[in-house]
Amino acid sequence: MDKQTHSFQAEVKQILHLVTHSLYSNKEIFLRELVSNASDACDKLRFEALDHPQLFEDQPDLEVRVSFDEAARTVTISDNGIGMSAEEAIAHLGTIAKSGTREFMANLSGDQKKDANLIGQFGVGFYSGFIVADRITVETRRAGLPAEQGVRWSSEGTGDYEVETITKPGRGTDVILHLREGEEEFLKTWRLKSIISKYSDHISLPILMKKEEWDAEKATQVLKDEWEPVNKASALWARSKSEVTPEQYEEFYKQISYDSEAPLAYTHNRVEGRSEYTQLLYIPKKAPFDLWNRDKRGGVKLYVKRVFIMDDAEALMPVYLRFVKGVIDSADLPLNVSRELLQESRDVKAIREGSTKRVLGMLESLANSEDAAEKQKYAEFWKDFGQVLKEGIGEDHQNQERLAKLLRFASTHADEGVSLADYLGRAKEGQEAIYYITADSLSAAKNSPQLEIFRKKGIEVLLLTDRVDEWMLSHLYEFEGKPLQSVAKGAIDLGKLQDEDEKKKAEAAAEANKGLLDRLKASLKERAKDVRVSTRLVDSPACIVVEEGDMSGHLARLLKQAGQQAPTSLPTLEINAEHALVKKLDTSAHFDDLANVIFDQAVLAEGGSLEDPAAYVRRVNAMLLG
Ligand code: ADP
Ligand code: MG
């Protein structure tokens with residue numbers, strides 16, 4: 001075939017324009033794309049040769065060579081893969097075959113930023129060569145065709161391209177980039193090498209470059225006629241599990257996480273189905289220093305068919321699993337996918353859901369293990385990451401039930417490690433709720449007067465002291481059909497846990513103390529919404545409670561510390577009608593002072609601070625003096 005000139009398909013012209021104008025800021029990706037194409041071509045040959053081994057000719061070792069010529073100002077990417085016939089070169093390099101391309105073009109807005117993102121959806125990697133080249137020559141021969149049926153395809157990347165027949169003894173494809181003025185940086189071994197190791201280390205074929213040697217006479221580096229591999233050529237995650245040793249998994253973790261310790265656990269799977277991908281995910285042993293930064297991107301690297309796409313692909317993991325490290329290698333995503341696009345992709349959503357389930361599965365198998373050492377591992381994990389996992393209760397409703405089972409608490413029964421299931425296992429006959437109290441510290445929680453009746457009756461109460469707890473509880477209403485109930489909120493109803501006698505006694509006490517309650521209400525009308533006789537106190541004279549739906553004192557304090565305005569609603573004071581101090585009230589000459597002191601003490605007991613400490617001191621002193 002003599003030289004023919006063809007016109008690019010209209011879409012290609014637009015793509016070319018877009019690629020060269022909008023991807024310029026990240027121009028080194030051309031090498032990633034062309035090496036990836038070379039690697040694909042080798043994969044295709046390997047596949048076709050399964051049935052037709054003669055396609056290997058006398059060269060069964062598949063490889064990619066990257067070289068440059070300073071004088072000619074060219075960079076060449078060669079492979080001995082499948083190659084292209086003349087028809088294939090015209091079809092593959094002159095048109096865009098992918099379905100939906102027309103719709104895509106119809107959606108182009110002309111806004112460079114937006115379009116650069118749109119472009120990520122389509123396999124148009126070859127054209128990225130024109131970012132740095134003002135002419136690309138492709139010399140190729142399809143495996144199985146004679147040397148005389150080689151093809152030279154050449155274009156300046158504007159309107160058209162030329163095709164002619166050549167003789168090409170070696171099978172496969174050479175892509176020769178004639179660099180634009182100003183792109184000399186790519187005529188350097190170290191520069192090309194560093195791009196290859198950045199993006200293509202895990203391509204499983206050897207990528208070869210010519211060896212460089214110092215020539216003392218010329219006082220410069222010279223290229224030798226000897227090729228050496230420049231990539232690691234090993235994608236650990238692409239191997240089958242049985243081929244990878246635990247030590248190798250560990251080593252790889254350390255490489256990608258910069259952690260000096262071994263991981264707590266890992267999972268490695270090839271997932272097939274709606275979306276096809278490989279996941280290798282690790283849970284670290286220790287929290288990184290920036291765990292609390294919710295804006296921190298995730299620790300999962302995204303690859304597409306073993307080609308590195310991006311670090312910290314946060315769209316692949318929910319925020320509350322931001323401590324997970326590893327690799328996800330997708331078979332479906334386009335190579336030049338952008339972060340924005342990842343957020344919207346259905347494939348990515350499927351990957352995120354699948355990976356979330358895997359991570360939860362790893363945690364569950366540690367938490368539920370019969371093996372004490374494994375269980376201990378979970379306890380340690382919980383210490384470092386428990387608070388982050390709690391964020392998931394509010395963020396991931398789909399997995400809320402699974403997450404709730406992974407929660408661990410302190411309680412009146414044990415200082416740590418209490419699961420909701422443990423709690424229910426110990427619940428009293430007739431107990432209708434899971435009781436908890438929130439406080440600023442474990443000792444404040446333990447000594448809270450609101451717990452007294454629960455202690456007396458031997459009912460377990462969860463002691464919640466993490467900052468995230470109140471928020472979490474606003475999303476977790478129940479566990480296995482039992483509501484979570486604060487012991488410091490509302491009028492406590494112990495339901496069946498209280499016998500008839502006790503109920504009657506409480507009613508009688510309220511009736512008998514009606515006069516006292518009225519006097520207290522009058523005295524404290526600026527400070528308490530209501531005053532009533534308590535059913536939850538045993539040893540203390542009084543306690544502060546908030547009504548169901550009002551903000552707890554603990555949360556109000558947290559908000560205040562964070563510099564936020566906490567809505568102010570007055571609390572309720574509950575008094576212990578049996579307490580000597582309360583009994584003394586009726587006949588006290590200092591009724592007003594004593595009422596306020598009892599209120600202040602109730603505030604102190606729940607970990608609050610007094611608004612007017614001087615007044616408190618004055619009142620106590622007045623009473624001490626009689
Ligand atoms: P994609 O790789 O997503 O298909 P590209 O624009 O990178 O998109 O490449 C377009 C097509 O050109 C490829 O699908 C392939 O058919 C062909 N091609 C590109 N480079 C080579 C190569 N080195 N060897 C064989 N075919 C190639
Ligand atoms: Mg490609």
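Residues numbered from 1 in each chain as written. Chains lettered and ligands numbered in written order. Predicted model: local features only at pLDDT ≥ 70, side-chain atom pairs only at ≥ 80, totals over all residues. Heavy atoms only, no water.

Per an unreviewed UniProt entry, the protein goes by the name Chaperone protein HtpG and belongs to Roseateles violae. UniProt, in the comment section headed Sequence similarities (unreviewed entry), describes the protein in these words: "Belongs to the heat shock protein 90 family." Regarding the protein, the relevant UniProt record gives this comment under Subunit (unreviewed entry): "Homodimer." (UniProt positions renumbered as here; feature names shortened; annotations may be inferred.)

Colleague: For unusual backbone geometry, give the residues involved together with the corresponding values.
Modeller: For alanine 219, which is not glycine, the phi torsion reads 50° and is therefore positive. Along the chain, the position of alanine 219 falls in the loop between strand 8 (207–215) and strand 9 (220–229). In this model, glutamate 480 sits at a positive phi of 45°, which is unusual for a non-glycine residue. Take glutamate 480: it is sitting in the loop between strand 18 (478–479) and strand 19 (482–486). (Helix = DSSP H or I, 4+ residues; strand = E, 2+ residues; numbered from the N terminus.)

Colleague: Lay out the side chain of glutamate 470 in plain terms, naming residues and giving numbers.
Modeller: Residue position: glutamate 470 is located in helix 15 (residues 469–473). For the buried glutamate 470, no salt bridge exists, and the shortest N-O distance to an oppositely charged side chain is 4.9 Å, to lysine 489. Not counting residues up to four positions away in its chain, the partners in contact with glutamate 470 are Thr438, Ser552, His554 and Leu555. (Buried < 20%, exposed > 50% of the residue type's maximum accessible area, 1.4 Å probe, protein only. Lys, Arg positive; Asp, Glu negative; His and termini not counted. Salt bridge = Lys/Arg side-chain N within 4 Å of Asp/Glu carboxyl O. Contact = heavy atoms within 4.5 Å.)

Colleague: Can you lay out the packing of helix 9 (residues 346–367) against helix 10 (residues 372–395) for me, pointing to particular residues and giving the numbers?
Modeller: The interhelical angle for the contact between helix 9 and helix 10, taken along N-to-C directions, is 135°, at an axis separation of 8 Å. Here helix 9 lies oblique to helix 10, going by the angle between them. Note on element contacts: helix 10 touches helix 9 through Glu374, Lys375, Lys377, Tyr378, Phe381 and Leu389, opposite Leu363, Leu366 and Ala367. Classifying every residue of the contact of helix 9 with helix 10 by side-chain character gives six nonpolar, no polar and three charged. (Axes fitted to C-alpha atoms, helices over the stretch in contact; angles between N-to-C directions. Parallel < 35°, antiparallel > 145°, perpendicular 65-115°, else oblique. Nonpolar A, V, L, I, M, F, W, Y, C, P; charged D, E, K, R; others polar.)

Colleague: Any details on helix 3 (residues 86–94)? Residues and values, ideally.
Modeller: One full turn of an α-helix is made of 3.6 residues, so residues set three or four places apart face in the same direction. Taken together, the buried positions of helix 3 are Ala86, Ala89, Leu93 and Gly94. Looking straight down helix 3, one finds that the buried residues subtend no more than 85° of arc, so they occupy a single side. Tucked inside the fold, the buried residues of helix 3 contact helix 1 (10–22), strand 4 (133–141), strand 5 (150–155) and strand 6 (160–166). (Arc of directions from axis to C-beta.)

Colleague: Kindly report on the nonpolar core, identifying the contributing residues and their values.
Modeller: In terms of nonpolar packing, the biggest core is built from 146 residues, with Tyr127, Trp153, Leu177, Leu302, Phe323, Leu389 and Tyr435 touching the most fellow members. With nine residues, the single largest contributor to this core is helix 2 (residues 29–48). In this view, leucine 389 contacts Tyr320, Leu321, Phe323, Leu363, Tyr378, Phe381, Trp382, Leu403 and Leu406; residues no more than four positions away in its chain are not counted. Among the nonpolar cores identified, the runner-up in size contains 25 residues, and Ala577, Val582, Val597 and Leu610 belong to it. (Core = buried A, V, L, I, M, F, W, Y, C linked by side-chain atoms within 4.5 Å.)

Colleague: Report on the sheet that holds strand 9, specifying residues and quantitative values.
Modeller: Here we have nine strands laid out as an open sheet, ordered 1-6-5-4-7-3-2-8-9, and mixed in their pairing. Pairing within the sheet leaves two strands with one partner each, and these edge strands are strand 1 (4–7) and strand 9. Looking at each pair of strands side by side, their axes are set apart by 25° on average, direction ignored. Of the strand pairs in this sheet, strand 2 (residues 64–69) and strand 3 (residues 74–79) are connected by six bridges, and their pairing is antiparallel. Along strand 3, the bridge assignment pairs phenylalanine 68 with valine 75. Strands in contact with helix 2 are strand 2, strand 3, strand 7 (172–179) and strand 8; relative to strand 3, the strand with the most contacts, it is inclined by about 25°. Together, strand 1, strand 4, strand 5 and strand 6 form the strand contacts of helix 3, whose direction differs from that of strand 5 by roughly 25°. (Pairing = 2+ DSSP bridges.)

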